[in-house]
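# Remarks on the overall topology
What follows is the residue order along each chain.
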2 protein chains.
Amino acid sequence: MFELLKTDTTSLARLGRLTTTHGVVETPVFMPVGTQASVKALDPRELDECGTQIILGNTYHLHIRPGMDTIKQAGGLHRFMNWTKPILTDSGGFQVFSLAKIRKIKAHGVEFRSHLDGSLLFLGPKESMEIQRVLGSDIAMVFDDCPPHTATAREVRAAVERTIRWAGECREQPSADGQLVFGIVQGGAHAALREECAKAITALKFDGYAIGGVSVGEPEPEMMSAVEYAVPHLPEDQPRYAMGLGTPAQLVELVARGVDMFDCVLPTRVARNGTAFTRRGAVSAKGGMFKADFRPIEEGCECFACQRFTRAYLRHLLNVNEILGLRMVSVHNSFFFAKVMSDMRAHLQAGTFGEFRREFIATYVPTSRVLAQRKGAKPVDETRGEE
Amino acid sequence: MFELLKTDTTSLARLGRLTTTHGVVETPVFMPVGTQASVKALDPRELDECGTQIILGNTYHLHIRPGMDTIKQAGGLHRFMNWTKPILTDSGGFQVFSLAKIRKIKAHGVEFRSHLDGSLLFLGPKESMEIQRVLGSDIAMVFDDCPPHTATAREVRAAVERTIRWAGECREQPSADGQLVFGIVQGGAHAALREECAKAITALKFDGYAIGGVSVGEPEPEMMSAVEYAVPHLPEDQPRYAMGLGTPAQLVELVARGVDMFDCVLPTRVARNGTAFTRRGAVSAKGGMFKADFRPIEEGCECFACQRFTRAYLRHLLNVNEILGLRMVSVHNSFFFAKVMSDMRAHLQAGTFGEFRREFIATYVPTSRVLAQRKGAKPVDETRGEE
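Here's a quick rundown of the structure. The written sequence of each chain sets the order in which its residues are numbered from 1. Lettering of chains starts at A and numbering of ligands starts at 1, both following the order in which they are written. It should be noted that, the model being predicted, local features are given only for residues of pLDDT at least 70 and side-chain atom pairs only at 80 or more, the latter also being counted only at that level, while totals for whole chains, interfaces and linings use all residues. Values shown for side chains rest on all heavy atoms present in the structure; no hydrogens or waters enter the calculation.

Residues and elements named next belong to chain B. The buried label goes to any residue with under 20% of its type's maximum accessible area, the exposed label to any with over 50%, and the partly exposed label to all in between, with areas taken from a 1.4 Å probe on protein chains only. Strands here are runs of E lasting at least two residues and helices are runs of H or I lasting at least four, both read from the DSSP assignment and numbered beginning at the N terminus. In terms of burial, strand β2 (residues 14-20) is a largely internal element, 5 of the 7 residues being buried. Whether two strands pair depends on DSSP finding at least two bridges between them. By the bridge criterion, 5 bridges tie strand β1 (residues 2-7) to β2 in an arrangement that is antiparallel. Bridge pairing links L4 to G16 in β2. Connecting β1 to the antiparallel partner β2 that follows it, the hairpin turn spans 6 residues.

The next point concerns the pairing of strand β16 (residues 281-284) of chain A. Residues and elements named next belong to chain A. Note: strand β15 (residues 275-278) against β16, 4 bridges, orientation antiparallel. When the sheet's bridge partners are listed, A276 is paired in β16 with V283. Between β15 and β16, which pair antiparallel and follow one another directly, the connecting turn spans 2 residues.

Turning our attention to the sheet that holds strand β14 (residues 261-264) of chain A. Pairing between the strands of a sheet comes from backbone hydrogen bonds, and it takes one of two forms, parallel or antiparallel. All names here are of chain A. One open sheet accounts for 8 strands, arranged β4-β14-β13-β12-β11-β10-β6-β5; its pairing is parallel. Since the sheet does not close on itself, it has two edges, and those belong to β4 (29-32) and β5 (55-58), each with one partner. In this sheet, adjacent strand axes meet at a mean angle of 25° when their direction is disregarded. Comment: axis = line fitted to C-alpha atoms, over the contacting stretch for helices; angle = value between 0 and 180 degrees taken between N-to-C directions.

This brings us to the sheet that holds strand β10 (residues 139-141) of chain B. All names here are of chain B. Overall, parallel pairing links the 8 strands, which are arranged β4-β14-β13-β12-β11-β10-β6-β5 in an open sheet. Strands with a single pairing partner mark the edges of an open sheet, and in this sheet they are β4 (29-32) and β5 (55-58). On average, each strand axis in the sheet is tilted by 25° relative to the strand beside it, whichever way the strands run.

Contacts are residue-level and defined by heavy atoms, with any inter-residue pair within 4.5 Å sufficient. Listed per partner, the contact involves 38 residues of chain B and 38 residues of chain A. Here the quantity called buried area is the accessible surface, traced with a 1.4 Å probe, that two parts lose on coming together, added over both. Here chain B meets chain A over a buried area of about 3,400 Å², counting both sides, of which 54% is carbon and sulfur. By definition, a salt bridge exists where a carboxyl oxygen of Asp or Glu is found within 4 Å of a side-chain nitrogen of Lys or Arg. Counting the contacts that link chain B with chain A gives 8 salt bridges. A salt bridge links A:R45 to B:E49, with the shortest nitrogen-to-oxygen separation between them at 2.7 Å. Sorting the residues of the side of chain B that touches chain A by element identifies α1 (44-49), α3 (68-74), α4 (77-81), α12 (304-308), α13 (311-319) and α14 (323-350) of chain B as the ones contributing at least two each. Each residue is assigned to one class: nonpolar for Ala, Val, Leu, Ile, Met, Phe, Trp, Tyr, Cys and Pro, charged for Asp, Glu, Lys and Arg, and polar for all the others, Gly among them. Tallied by class, the residues present in the side of chain B that touches chain A amount to 20 nonpolar, 7 polar and 11 charged.

Here we come to α14(B). All names here are of chain B. Here α14 spans 40 Å end to end across 28 residues, near enough to the 40 Å set by a 1.5 Å rise per residue. Of all 28 residues making up α14, 22 are buried, and the element is well covered by its neighbours. Backbone geometry just downstream of α14 places G351 in the positive-phi region, at approximately 80°. Expected helix span is computed as 1.5 Å times (number of residues minus one).

With that out of the way, let us pick up helix α6 (residues 125-135) of chain A. Listed as buried for α6(A) are A:P125, A:S128, A:M129, A:I131, A:Q132, A:V134 and A:L135. Once α6(A) finishes, A:G136 follows within two positions and takes phi at roughly 70°, a positive value.

A few words now on the nonpolar core. Each nonpolar core is a collection of buried residues, namely Ala, Val, Leu, Ile, Met, Phe, Trp, Tyr and Cys, held together in the definition by side-chain atoms within 4.5 Å. Among the nonpolar cores identified, the biggest contains 238 residues, and A:Y241 and B:Y241 are the most heavily contacted of them. Formed by 6 residues, the second largest nonpolar core is a distinct cluster that contains A:A41, A:I323, A:L326 and B:L326.

Laid out in C-alpha cells, this is it:
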C-alpha cells in the first residue's frame, strides 16, 4: 500500500508511493482542499493540469450539504464531483470542534448545532466512518478531538484520551471497499502527550498516521515541535500526514522532518485576495507595481495562467473584481504548490534534497506575518480550517 | 469585407461572412460581452470551446480601468487579454447616457462624471474613436446618443440629429490599421425617425450598421418594430447588428428580420444567478427538482459542463456559492447561444431556416417575464447594459 522508495541522507525526508483505489500518489504530496465537493474556483481539468494527485473533501460540510442521500444516489463523492483521482476525507472532528456550536461532548461523539442553520446534529466515530463510507473516499480519517492552541495541558490530555478511545471505535467500523483509514495523533505542543498518543494510535494498526492539532493557531516553532515530537513514534514504513499545513517554506521544512502528506487552504484562499506565490515568496498581484508589468506572475512557470496572462492583466482583473482574476491566481498557486512538491520528489530521487532545501529557504522570503509567527506570534487565520 | 452567402426564402434571414483583421466571422453571430477585458467567469480557452467567434469590449469601462496607457503598452486589447480572435468595441455612448452622471451634453461630446469615482471625463466622437484606435478592435462603433425608452418623441428626434452629426465626426477620425467602423441607427419606436436616421447614416458609408436604442427598457413588440423600421433602409450587402439583444427566441426572430450580429449580457449574467438555457427555455439550476437529477443540464449538449457535470452537482455548487457552479452555467449558456447561431447558419445553408424557426419557437417556452414583456410590459433589467 505504501512503498518507501528512498530516504534523504541530510534529513528525515522520504520519497514514497501510496497506492489507493483511484490511483497512485507519489509522496511527498500536497492535497488541495475541496471542502464542499469543489476545490474553490477550479475545475477538474485545471486541477489535473496543476499536477494535482489527490484532493481533500470534508465530511462535516458534505454531510450538511448536499447530504448523504444525494451522494449515495450519485454513487459516491468521486462520481458526484467528477474527480477520478484519489480523495482523502477528513472526519469532521476539526469542524465540529472549531466551527459548530457544541452542545455536548458525549462518550461516543459530539452533539452540536450546524453552523449553517442551527439544526441539532450528532457526529462521532460511528457516524463519521459511515459518512466517509458513503463518500467512498480513498483515505478516511478517524474522528478525533482537536483542541485549540489555547487549550490547557489538562484539556489537551482529555482530548488525547478521547482521540485514542474514538480511534479504537473507528477501527471497529466497516470501511468502503479498498478504503484506507488513517489514525490521528493529538497532544498539542507536549512531547509526552504526543508520544503517548502516537504509541496508542499506532498500536491500533492504521494504514497511515496524521499529526493533528497543528495549524490551530499556534506559532510556527510550536508547530514544528509538535511534528518533531510525533514523527519518531510513527512507523517508518507508513505514510505520515501533517494536517492543515502549510506555507511553501513550511512544506519544505516539514518534509525534511519526515512528513509525506499535506493539505492546506492557503494556495486557493489567498488567491481569492490576489496573493500569488513565487520562488521568492508571496506577492500581492493587485499592487501598483504590476500596472505595466507584462511578464507572467513567475517567469518560467508552466501553469495555465503564466503561459497566457501578464501581471498587468491579472492585476486589472483583480482590481475590477473579475472572476477570471481570482481563478487564474488560484490556478497559479495550485500549480506552484504541486511543483514545489514534485521538485522535492525529484531532488529526493537524485539525492540532492539537502541542496534544494537550503536554496529554497534562502530564496523564499517569508511575509512579515510569517516572520512574526516564527518569533512566537500567533498566526493569522489564513492557513487554518476548511475552504 | 462582408459576403452575403445566401438569403432565406421564407424570411429576411441571411447567411454571411465578415472578414476582419483577426479572422473571419460567420453570420448570423452572437458576441459575448467582455466589458472589462474579460467575458465574466470565462477564460479564453473556454470561450473558444464554446464556439465563440468574436467578443465585445467596452470603451467606457476600459478607458476608466485599466486606462489607455496600460492598453497602449500592452499592444492593444487583444494582447492585453490574450484573445486572438476578433473584437468589436462599443463607443461608450450607451454607458455615458445610461451609467455615468451626465454633466453637460456639448456640441462635440458629453461631459460626465465617472460612475466609479466621480471624476470629470469627456467623451465624444473624437475621443471614442481615439480610444478604440488604441484598443485596436476589429470593429469600432461610432459614438451615438442613445436615449432611454422613456424619451419623448422630441428627445428621440434630438438624439437622432446628434447621432447623425456625431457619426459624421467619427467618420473623419482615423481608425486603426484594418479596423472596420460601424454606424448606428437611432430613432426609438418611430418609423419615420428610424428611416431618416438610417438614410443619413448609410450615406456616410460605414462598413456595417447597427440598430441602437433597442434593449433600453422597451416592451418586446416595440423592439421588434424598431428593427423592422430600420432594416429596409440598410444596405443588403453590409452586416447589420442589433445592439444589446437578446433572448434565444428573440435572436431567432431577429435573424428572420434580417439581422446578422448580436451582443447581450444575458447568457453570462443570468448564469451567475443559476439560470441555464435549454431548447425548452430557461431553467433555474438551483431548484429542488435538480436535487437528485444526475442528467446534464441539457441532454445531448456537447459543452464542457454538460460533458462532465450533473444537474445535482451544479445545483449543489450554486446553492453553496461555489465559483465552479456559476462558471459551469456560464460555459453552458455561452455554448448554448453560440449553438443556436450555428444551427441557424446550418439551416440557412441547407435552405431549412423556416422549419428551424417554427420548431425552435414552438419548443422554446419563454419565461413568464418575457411573456409579459411581449404583451407590452417593460422588461426586467436582465439583457440590458454591460457586464
